[in-house]
Amino acid sequence: MARLLSTGEIVDRAQRQPPAPLRLAFRPFFLLGALFSVISLLLWVALFSGQLQLAVYGGPLWWHLHEMLFGFVTAIIVGFLLTAVRTWTGQPGLEGRPLAALVGLWLAGRLLLLFPLSLPPWLIALVDLAFLPLAALILFLPVARVRQWRNSIFLPLLLAMAAINGVMHWAANAGDPGLQSRAATAMVMLVTLLMTIMAGRVVPMFTANGTGTPRVEALGWLETLSLGSMLATAVVSLPWPGMPPAAVALCCFVAALAHALRGLRWRIWVTVRTPLVWSLHLSYLCIPLGLLLYGLSAVSSLVSPSQAIHTLTVGAMGLLILAMISRVSLGHTGRPLQAGRVMTLAFALLFAAFLVRVFGSYWLSSYTLVINSAAVLWALGFGCFVIRYWPVLTRPRVDGRPG
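Computed from a predicted structure; not experimentally measured. (Residues numbered from 1 in each chain as written. Predicted model: local features only at pLDDT ≥ 70, side-chain atom pairs only at ≥ 80, totals over all residues. Heavy atoms only, no water.)

A.B. asks: Tell me about the overall build of the protein chain, residues and numbers included.
C.D. replies: In terms of helices and strands, the protein chain carries 13 helices and zero strands. For the protein chain, the N- to C-terminal ordering of α and β elements is α-α-α-α-α-α-α-α-α-α-α-α-α. Since a compact globule built from 403 residues should have a radius of gyration of about 22 Å, the 21 Å found for the protein chain is in line with a globular shape. Seen along its three principal axes, the alpha-carbon backbone of the protein chain occupies a region of about 65 × 55 × 40 Å. (Helix = DSSP H or I, 4+ residues; strand = E, 2+ residues; numbered from the N terminus. Rg over C-alpha atoms; globule rule 2.2 N^0.38 Å.)

Pasting the structure below:
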């Protein structure tokens, strides 16, 4: 049985810890990832509208796709997983100088892709490509140490993302926009697969804890269908030559139905008074909607692939990330799990960004206005997080404990 620490031991451990921003991976990666998403999206708007001329690596469109997926999203994923693995395994988490080195590698990739003229393309690509494999290795070591193979599922996902990143760089240097688009879509589907795995672990628990209602137990057949169909969708979305659109559509439709049933079973209607929970549910329900739209875009002209992809990226990823980093940051710094007015507004702003980006062309006359409006709403939403959580993520835990 674990021994409770005395007050003196808690104080002693806290004093021997690194500076607060480097005590666990969620602190620098959540804060810098959120800030980077604001900066990169506003830069993209300026590039898209012609208000800024900047020779970014791969061109403006490639840079936008890559940096939102492999810059922003992977920072949050790595920050979450390298924090969670300490809880899963009971092993020490990455902290201090090793954590600073990993963050520095991520930052170097962002800077080199934004200002690429000083180094050869192969060296810039190498720096950027090193981040995910190194993070996967750091994640795997404590899992292997305690032989907790259940959580090794994240290793192949991170390595698959690294491989797709390699394809993205290949497409950038080969000048192949078709391959670039297919690789970005494959990354979106892989991240969606990861979200469905993590949501199954945390959403029912968070719902029960946050609303005081009974936890919804998983149905084995539905879990298998949900994850299996999403895995199939991710596989057929890889940049295979000559993949039949009907196969893509079929996988998407089955996955959409399975995840709609799964999400509705979690009872969003009991979460109305709990923003930290309804934001998770709302983002998750964007997954079946995005899959449905993507399936339709593969076999008809009713919707565009862009609408489908942005349902998954802005509606599902954006809102899920904002909800998760808000809750995880509070929990891991010893604070009450209360969203507050600022973050409730932030969740609403992100959902509005999704609605404008995906459906705004139906009521706004200018496509540029759609892009600009959605970007500003996103920047305001994540800007709220940066301002509200800066003191949370850069100061020690309020209870004095390590972490």
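So, next bit.
A.B. asks: Requested: an account of the domain arrangement of the protein chain, with residues and values cited.
C.D. replies: Each assigned domain of the protein chain is listed with its residue range as follows: domain 1 (17-175) and domain 2 (177-394). Using only C-alpha atoms to locate each centre, domain 1 and domain 2 end up separated by 20 Å. Contacts between domain 1 and domain 2 engage 44 residues on the former and 40 residues on the latter. Taking both partners together, domain 1 and domain 2 bury about 3800 Å²; carbon and sulfur atoms supply 84% of that area. (Domains from an automatic or database assignment. Contact = heavy atoms within 4.5 Å. Buried area = accessible area lost by both parts, 1.4 Å probe.)

A.B. asks: Quick one: what's the story with the pattern of salt bridges, residue by residue and with numbers?
C.D. replies: Under the definition given, this model contains four salt bridges. Ionic pairing is found between aspartate 399 and arginine 397, a salt bridge with its closest N-O pair at 2.6 Å. Judged by relative accessible area, which is 35%, aspartate 399 ranks as partly exposed. Of the residues examined, arginine 397 reaches a relative accessible area of 15% and is grouped as buried. Within this structure, Glu67, Arg110 and Asp128 form a network of salt bridges that share partners. (Salt bridge = Lys/Arg side-chain N within 4 Å of Asp/Glu carboxyl O. Buried < 20%, exposed > 50% of the residue type's maximum accessible area, 1.4 Å probe, protein only.)

A.B. asks: Account for the nonpolar core, with residues named and values stated.
C.D. replies: Counting 131 residues, the largest nonpolar core has Phe29 and Phe382 as its most contacted members. Top contributing element to this core by residue count: helix 7 (residues 177-211), with 17 residues. Excluding its chain neighbours within four sequence positions, the residues that come into contact with phenylalanine 29 are Ala34, Ala75, Ile76, Val78, Gly79, Leu99, Leu102, Val103, Trp106 and Phe131. (Core = buried A, V, L, I, M, F, W, Y, C linked by side-chain atoms within 4.5 Å.)

A.B. asks: Please set out the environment of proline 239 residue by residue, giving values where relevant.
C.D. replies: The topology assignment puts proline 239 in the loop between helix 8 (220-236) and helix 9 (245-265). Residue class for proline 239 comes out partly exposed when judged on its relative accessible area of 25%. Sequence separation between proline 239 and alanine 183 is 56 residues, and the spatial gap between their C-alpha atoms is 5.9 Å. Setting aside chain neighbours within four positions, we find proline 239 in contact with Val167, Leu179, Arg182 and Ala186.

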